[in-house]
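Examining the three-dimensional arrangement
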Amino acid sequence: MRIELILLLTSLLLVATVNCFLLPPHQLHHNHHGLRPRSNLLSVAKKTENSKETFSIIVIGKIILDKYGNPLDDDDDSKNVTIGGGGPQAAWGACAGLAVRDMLTCGKGEEEGGADQLKWEKTTPPRVENEITTANITTTSPPPKQNVTFLAPIGLKNWTPQRTKSLNALLPMLHMPPILVTSDEHITPTINIWHDENEMVSWKPVNGSFGEEGADGLWRDRPSARDVLDAIDEGYNYDNNDNDNNDNDEDDGNNNNVILHAILEAGDTSAGGGLDALPFFDSILIDRVSSLGIEPIVFPNEVTGIVSHEDTIGVSSLIRRVESSLLSSSSCKTKQHDEKKLLIVSPDRPCYDALSSHGDYSTWRNNTNSQTEFTVRDGANGSFVVTDHSTLDSSSSTTTTTTTATLLLPSATIRTPDGAPVNPTGAGNAYAGAYVACRASGSSAEEAAMLANAVGAVVCECENLPEWTWGVLERVAAAACEVRERSSAFRDYIR
């Protein structure tokens, strides 16, 4: 009997040891007692029915060559030039949000009824000090690539092969290299960019970069709807060619759940004349997507901080036209009201304040049955999410009531030596990319905002776009845990 008991205990110990070493490296967590499975800290709450399916996320953004430093200090145009513009930041944010969500996800399996609430284990999150490269794990394997495609227009007159290599190096986490829509007739816009003592961003175009030869011509219907459709198919084929175990040979990509997110010029006199939004009005493309995200770009007055009436009308018109495009799509017409395609709008606070006080748009919101959600970036205050849900009168098929719910999320602490952002440029773009990617692929509004706030904070801590390392993702995870702890007072606003 004693021998049998010893053999049984030995077998159990052997099975436990084997299972431990079969875990992928990023699921092992170091402490002074040795290796143990990483403690999961976050569960996905109220996922959509499609949350278990595969999503393809397309991020359409601008690329601008950023020349850091006040133009009065240095006339050398080749010095300190980096790739920016918001597009790479949005793509990085989408990937970081998805990766950290996977790192922190826990909950019941299907056999236990599934996870239907946001539940956090009472476990101390990974502790990461000021140095964001500090990690609690040791692995030679990089973090996994994400199913995100980045699409951007560039002008070849001042673009070089080395800049393509630099862009690829910035975004190694994409499942395929960035897709660049090129023009021989234009330059890629270049700006001088600097921050004043209050961390306010100032910038100035270089050599007509926002004229016809630059952004005004380059961003006009570029990328086109055809470019985006080709990117969807190219990404699908790229994944199929790399996946030897894929046996779904009959699917041509039309059944994919495609999430489309774009940074769009929305002001009254915006570069490109607002024609960068044309793909959102293409019926063939809109039929292919399951959710849309747009980040409208307008600039408030530098003195008052208020967005002009003309720019507000431009933003309002853009959102209304995109909502109408979604409602008129053939795939949307076949769904019930509660299953309308989701539109996520991610303005900054000045833009949202101007929009919410705009009477014509408020009237439109109260008389449309679209499903639109606003996720608003509010700097050091964090962010908030506003959802409008319209109820239809079944007898008359007209909208009768619109209910609004608001969720408030605090910011994460900036962990730099002085507590100030190192470089806040692009943090809002990264936030929007993270929120749209997570929300449209199954996260609750609360979870998506927590992750997005964390992503935005970590971008602020870096001089340039953060590296794609386990240390950085651990830092984002710790920031998400902090946001969760600080947001408990607001959690009952919305689910």
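Residues numbered from 1 in each chain as written. Predicted model: local features only at pLDDT ≥ 70, side-chain atom pairs only at ≥ 80, totals over all residues. Heavy atoms only, no water.

Regarding the overall build of the protein
Here is the rule: Strands are runs of DSSP state E lasting at least 2 residues, helices are runs of H or I lasting at least 4, and numbering of each runs from the N terminus. Each residue is assigned to one of three classes by its accessible area relative to the maximum for its type, calculated with a 1.4 Å probe on protein chains only: buried under 20%, partly exposed between the two thresholds, exposed over 50%. When checking whether two residues touch, look at their non-hydrogen atoms; a contact exists if any pair is within 4.5 Å. Using a 1.4 Å probe, accessible areas were evaluated by the Shrake-Rupley method; residue-level cover was limited to the displayed protein chains.
The secondary structure content of the protein amounts to 13 helices and 15 strands. Counting the 495 residues in the protein, one finds 50% classified as buried. The contacts in the protein between residues at least 6 apart in sequence include a share of 76% that link residues at least 24 apart. If you sum the accessible surface of the protein, you get close to 23400 Å²; carbon and sulfur atoms cover 50% of it.

Side note on the pattern of salt bridges
Note the cut-off: The working definition used for a salt bridge is a side-chain nitrogen of Lys or Arg within 4 Å of a carboxyl oxygen of Asp or Glu.
Tallied over the entire structure, the rule returns 13 salt bridges. As a salt-bridge pair, Arg 220 and Asp 216 come within 3.6 Å of each other at their nearest N and O atoms. A relative accessible area of 33% places Arg 220 in the partly exposed class. Taking relative accessible area as the criterion, Asp 216 reaches 22% and is therefore assigned partly exposed. A cluster of three or more residues bridged by salt bridges with shared partners is formed by Glu 212, Asp 216 and Arg 220.

Considerations on helix 13 (residues 470–486)
Defined as follows: One fewer than the residue count of a helix, multiplied by 1.5 Å, yields its expected span.
Taking 1.5 Å of rise per residue, the 17 residues of helix 13 would be expected to cover 24 Å, and the 24 Å separating its terminal C-alpha atoms lies within 8% of that figure. When you tally the buried positions in helix 13, you get 15 out of 17 residues, the bulk of the element.

A word on helix 9 (residues 349–356)
Applied cut-off: An arc is given here, and it is the one of the directions from the helix axis to the C-beta atoms. We define a polar contact as two N or O atoms separated by no more than 3.5 Å, with the added condition that, inside protein, one atom must be a possible hydrogen donor and the other a possible acceptor, whereas residues neighbouring each other in sequence contribute only through side-chain atom pairs.
Considered for burial, the residues of helix 9 that qualify are Cys 351, Tyr 352, Ala 354 and Leu 355. Buried residues along helix 9 cover an arc of 165° about the axis, so they all sit on one side. Its side-chain oxygen 3.1 Å from the backbone nitrogen of Cys 351, Asp 348 forms the N-cap of helix 9.

Some details on the confidence of the model for the protein
Test applied: Think of pLDDT as the predictor's per-residue confidence, scored from 0 to 100.
When pLDDT is averaged across the protein, the result is 77; 67% of the residues are at 70 or more. Per-element confidence in the protein is highest for helix 11 (residues 427–440), whose mean pLDDT is 97, and lowest for strand 2 (residues 34–37), whose mean pLDDT is 25. Across residues 12–52 the pLDDT falls below 50, and counting only partners more than four positions away or on other chains, this stretch makes 85 contacts in the model. Across residues 244–254 the pLDDT falls below 50, and counting only partners more than four positions away or on other chains, this stretch makes 9 contacts in the model.

Section: the packing of helix 12 (residues 445–460) against helix 13
Going by this rule: For helices, the fitted line uses only the C-alpha atoms of the stretch in contact; every axis is such a line through C-alpha atoms, and the angle between N-to-C directions lies from 0 to 180 degrees. The labels follow the angle: roughly parallel below 35 degrees, roughly antiparallel above 145, roughly perpendicular from 65 to 115, and oblique for the rest. For any helix crossing, the convention is left-handed if the near helix is rotated counterclockwise from the far helix by under a right angle, and right-handed if that rotation is clockwise. When residue character is reported, Ala, Val, Leu, Ile, Met, Phe, Trp, Tyr, Cys and Pro are called nonpolar, Asp, Glu, Lys and Arg charged, and the others, Gly included, polar.
Direction vectors running N to C along helix 12 and helix 13 enclose 125°, while the axes themselves pass 8 Å from each other. Considering their axes alone, helix 12 and helix 13 lie oblique with respect to each other. Here the hand of the crossing between helix 12 and helix 13 comes out right-handed. Within the contact between the two elements, helix 12 uses Met 450, Leu 451, Asn 453, Ala 454, Val 455 and Val 458 and helix 13 uses Val 472, Arg 475, Val 476, Ala 479, Ala 480, Val 483 and Arg 484. Split into classes, the residues belonging to the contact of helix 12 with helix 13 amount to 10 nonpolar, 1 polar and 2 charged.

Brief notes about the nonpolar core
Selection criterion: Each nonpolar core is a collection of buried residues, namely Ala, Val, Leu, Ile, Met, Phe, Trp, Tyr and Cys, held together in the definition by side-chain atoms within 4.5 Å.
Residues Trp 92, Phe 150, Leu 171 and Tyr 435 are the most contacted members of the largest nonpolar core, which totals 67 residues. Looking at this core, the element that brings in the most residues is helix 12, giving 12 residues. Counting residues in each nonpolar core, the second largest holds 40 residues, with Ile 232, Leu 260, Tyr 352 and Phe 374 among its members.

What about the packing of helix 2 (residues 87–104) against helix 12?
Interhelical geometry of helix 2 versus helix 12 gives an angle of 120° and a closest axis separation of 10 Å. What the angle tells us is that helix 2 and helix 12 run oblique. For helix 2 against helix 12, the interelement crossing comes out right-handed. Here helix 2 contributes Trp 92, Gly 93, Ala 96, Gly 97, Val 100 and Arg 101 to the contact with helix 12, which in turn contributes Glu 447, Leu 451, Val 455 and Val 459. Classifying every residue of the contact of helix 2 with helix 12 gives 6 nonpolar, 2 polar and 2 charged.

Observations concerning unusual backbone geometry
In this structure, the amide linkage connecting Arg 222 to the following residue, Pro 223, adopts the cis form with an omega of 5°. Inspection of the secondary structure puts Pro 223 in the loop between helix 4 (215–218) and helix 5 (225–242). One non-glycine residue, Asn 207, lies in positive phi territory at about 50°. A positive phi angle is found at Asp 221, which is not glycine, with a value near 55°. Position of Asp 221 relative to the elements: it lies in the loop between helix 4 and helix 5. Taking relative accessible area as the criterion, Asp 221 reaches 33% and is therefore assigned partly exposed.

Overview of the packing of aromatic side chains
Which entries qualify depends on this criterion: Pairing of aromatic side chains here covers Phe, Tyr and the six-membered ring of Trp, requires ring centres within 6.5 Å, and sorts the geometry by plane angle: under 30 degrees stacked, over 60 edge-to-face, intermediate tilted. The rule for a charge over a ring is simple: NZ of Lys or CZ of Arg within 6 Å of the ring centre, and within 35 degrees of the ring normal.
Counted by the stated rule, this structure contains 7 aromatic pairs. Judged by centre distance (6.3 Å) and plane angle (90°), the ring pair of Trp 92 and Trp 468 falls under edge-to-face. Of the two residues, Trp 92 sits in helix 2 while Trp 468 sits in the loop between helix 12 and helix 13, which places them 376 residues apart along the sequence. Ring geometry for Tyr 352 against Phe 384: centres 5.5 Å apart, planes inclined by 75°, an arrangement best described as edge-to-face. Remark: Phe 384 occurs in strand 14 (residues 383–393) and Tyr 352 occurs in helix 9; sequence separation between them is 32 residues. Taken together, the ring pairs in this structure connect Trp 203, Phe 210, Trp 219 and Phe 299 into an aromatic cluster. The aromatic ring of Trp 219 is capped on one face by Lys 62, whose charged end is 5.2 Å from the ring centroid.

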